[in-house]
Amino acid sequence: MPHTNSHSAHFTLATPARDRKASRSGKKPAFLQKKKSKATPSAKDSILGTATVAAAEPTADPSIPKGRQDQTQLIRRFHTIEKQLASPALTDPDERKRLLAERETLGGLETYQAASVHGGDKARGGESSKWLVKQIKELKIGLSQADQDKKKKEQQAAVQPKILKDGTKVWPTVERKKLRLLDVGAIAGTAYAGYPWISTTSIDLNPQSDSVLAYNFFDFPVPEQPEDKYDIVALSLVMNYEGSLVNRGHMLLHAHSYLTPHGYLYLVLPLPCLTNSRYLSHARLTSILESTGWTVQRQHDSAKLTYWLVKRSGETGQGEDRDGKEWKREGVRKGAQRNNFCVVVAPGKPVVRAGDAEEDKGEEKKKAATTASEGGPAADDDQDDGTAIEQDE
Ligand SMILES: C[S@@+](CC[C@H](N)C(=O)[O-])C[C@H]1O[C@@H](n2cnc3c(N)ncnc32)[C@H](O)[C@@H]1O
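Residues numbered from 1 in each chain as written. Predicted model: local features only at pLDDT ≥ 70, side-chain atom pairs only at ≥ 80, totals over all residues. Heavy atoms only, no water.

- Under an unreviewed UniProt entry, the name given to the protein is 25S rRNA adenine-N(1) methyltransferase, and the organism recorded is Rhodotorula taiwanensis.
- Listed under Subcellular location (unreviewed entry) in UniProt, the entry text for the protein is "Nucleus, Nucleolus".
- Taken verbatim from the UniProt record of the protein, the Sequence similarities (unreviewed entry) comment is "Belongs to the BMT2 family." (UniProt positions renumbered as here; feature names shortened; annotations may be inferred.)

Shown next as structure tokens:
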């Protein structure tokens, strides 16, 4: 069936129009565009972010604190604000406005993204894509049995190169299907740019390059055709940004819709989310993942991050081993110095992100000036997840 529907028809989750701010860019993912196929790729194709994304530089240059400690503080404060905004306990409209204003005063999402990129990638000598690429190669993800057989034959056969007039040897190339990856929270879409064999679709609430589509994960159209599904969905340092505890659980469930049978979810979190949380540990996350239809394939902890590559469970690989269990906030360890990071799995739909509506943005800006000049009351620091990453190994 051709994709003739408008992309809004593909939303699998009914979200109010006001939550679709991030989807208003007018750009569509490649699988909704492909009926207009052309012999040569156009500028628009490259904007769509599929196929090889050239290393794109962030388009914004927000001012971020210089010191590592200040950046970490900023990231923490953002996490706290996101969590407070998403909390069902936040019923006071003035307090909500104050939080939105504070977020704006801190520089908004752009400043958070800049601090994340600055404090993460450069300092740790590589993006979290490196670990994933290593696993993809080892597990031969995305290579069909036919491709694997072809590769084996090539290796076994004495393949002869063509020798050009100047003596250059040209080895025959074999066309293989590219691995399809959906990178959620991609910022500038650079993470997989160096891997031409990966076809990456990059999305972010606040893209920092034209190769990234402006979408909230929950609103991103779900491919209907099997060939448009993805081999991997990457949620690298996204779940800890999500302020709503139930939305974190929804992310685990929602990822299934985009994947091929036996497809993979790649999850990266700051290590303290598991090692120093009152409510989550490696064992509990493993149980939550299994309960939501995933089997852990590979897991690794570095000094600051925890990496999880999980596969859709069940014989047909559709995550059919999920059990529909609800996961509430339950203590796994005690202590005053712990953080509150938690994943809740509950029925229903994802909650709407606070501050996404255009009217909120106007209010945010107006309030920002006042709150900044008043010094604004400090929000409850007790809610700090303590999960900002400073520097990885
Ligand atoms: C800390 S950055 C992670 C960047 C990168 N993935 C990495 O691993 O370094 C988190 C990003 O996730 C994005 N994000 C958070 N929730 C999202 C959602 N529901 N849909 C799309 N992007 C989201 C934010 O806008 C932000 O740019």
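Read on, since the account is not over.
**Some thoughts on the UniProt feature "binding site: S-adenosyl-L-methionine" (unreviewed entry) in the protein**
- The UniProt record marks Gly185 and Asp204 with the feature "binding site: S-adenosyl-L-methionine" (unreviewed entry), using the residue numbering of this structure. A maximum C-alpha distance of 4.4 Å places the annotated residues, which cover 20 residues in sequence, within one compact spot.
- Mapping Gly185 onto the fold places it in the loop between β3 (179-184) and β4 (198-204).
- In this structure Gly185 comes out as partly exposed when scored by relative accessible area, which is 28%.
- If we skip the residues at most four places from it in the chain, Gly185 touches Ile203, Asp204 and Val238. (Helix = DSSP H or I, 4+ residues; strand = E, 2+ residues; numbered from the N terminus. Buried < 20%, exposed > 50% of the residue type's maximum accessible area, 1.4 Å probe, protein only. Contact = heavy atoms within 4.5 Å.)

**Section: the pattern of salt bridges**
- One pass over the full model with this rule turns up 8 salt bridges.
- Between Arg98 and Glu95 there is a salt bridge, with its nearest N and O atoms 3.2 Å apart. With Arg98 and Glu95 both in helix α3 (residues 93-105) and 3 residues apart, the pair spans about one turn of that helix.
- Glu95 sits in the partly exposed class, given a relative accessible area of 26%.
- Of the charged contacts, one joins Arg284 and Glu330 as a salt bridge, the two residues approaching to 3.4 Å between their closest N and O atoms. With Arg284 in helix α9 (residues 282-291) and Glu330 in the loop between β9 (305-312) and α10 (358-374), this residue pair connects regions lying 46 residues apart in the sequence.
- Residue classification places Glu330 among the partly exposed residues on the basis of a relative accessible area of 43%.
- The network of salt bridges with shared partners includes Arg77, Glu95, Arg98 and Glu102. (Salt bridge = Lys/Arg side-chain N within 4 Å of Asp/Glu carboxyl O.)

**Here's the deal with the nonpolar core**
- Ranked by size, the top nonpolar core spans 37 residues in total, and within it Leu182, Phe217, Phe220, Val233 and Leu252 carry the most contacts.
- For this core, the element with the most residues is strand β7 (residues 259-270), which contributes 4 residues.
- Non-local contacts of Leu252, meaning those with residues more than four positions away in its chain, are made with Met239, Leu265, Leu267, Ile288, Leu289, Thr292, Trp294 and Val343.
- Membership of the second largest hydrophobic core comes to 19 residues, among which are Ala191, Ile198, Ile232 and Tyr264. (Core = buried A, V, L, I, M, F, W, Y, C linked by side-chain atoms within 4.5 Å.)

**Some points on the side chain of Thr260**
- For Thr260, the location among the structural elements is in strand β7.
- Of the residues examined, Thr260 reaches a relative accessible area of 17% and is grouped as buried.
- Filtering out sequence-adjacent residues up to four positions away, Thr260 remains in contact with Pro226, Lys229, Tyr230, Asp231, Arg312 and Gly317.

**Thoughts on helix α7 (residues 245-254)**
- Taken across its 10 residues, α7 has 8 buried, putting it largely inside the fold.
- Among the residues making up α7, those that are buried are Leu245, Asn247, Arg248, Gly249, His250, Met251, Leu252 and His254.
- In this structure, the buried side of α7 is in contact with α2 (68-86), β6 (230-236), β7, α9 and β8 (294-301).

**Quick notes on the sheet that holds β6**
- An order of β5-β4-β3-β6-β7-β9-β8 is seen for the 7 strands of this open sheet, with the pairing classed as mixed. Edge positions in the sheet fall to β5 (212-214) and β8, since each has one partner strand and no second. Between one strand axis and the next, the sheet turns through 20° on average, direction left out of account.
- As paired strands, β6 and β7 are joined by 6 bridges and run parallel to one another. Each residue of the ladder has a partner; that of Ser236, found in β7, is Val268. (Pairing = 2+ DSSP bridges. Axes fitted to C-alpha atoms, helices over the stretch in contact; angles between N-to-C directions.)

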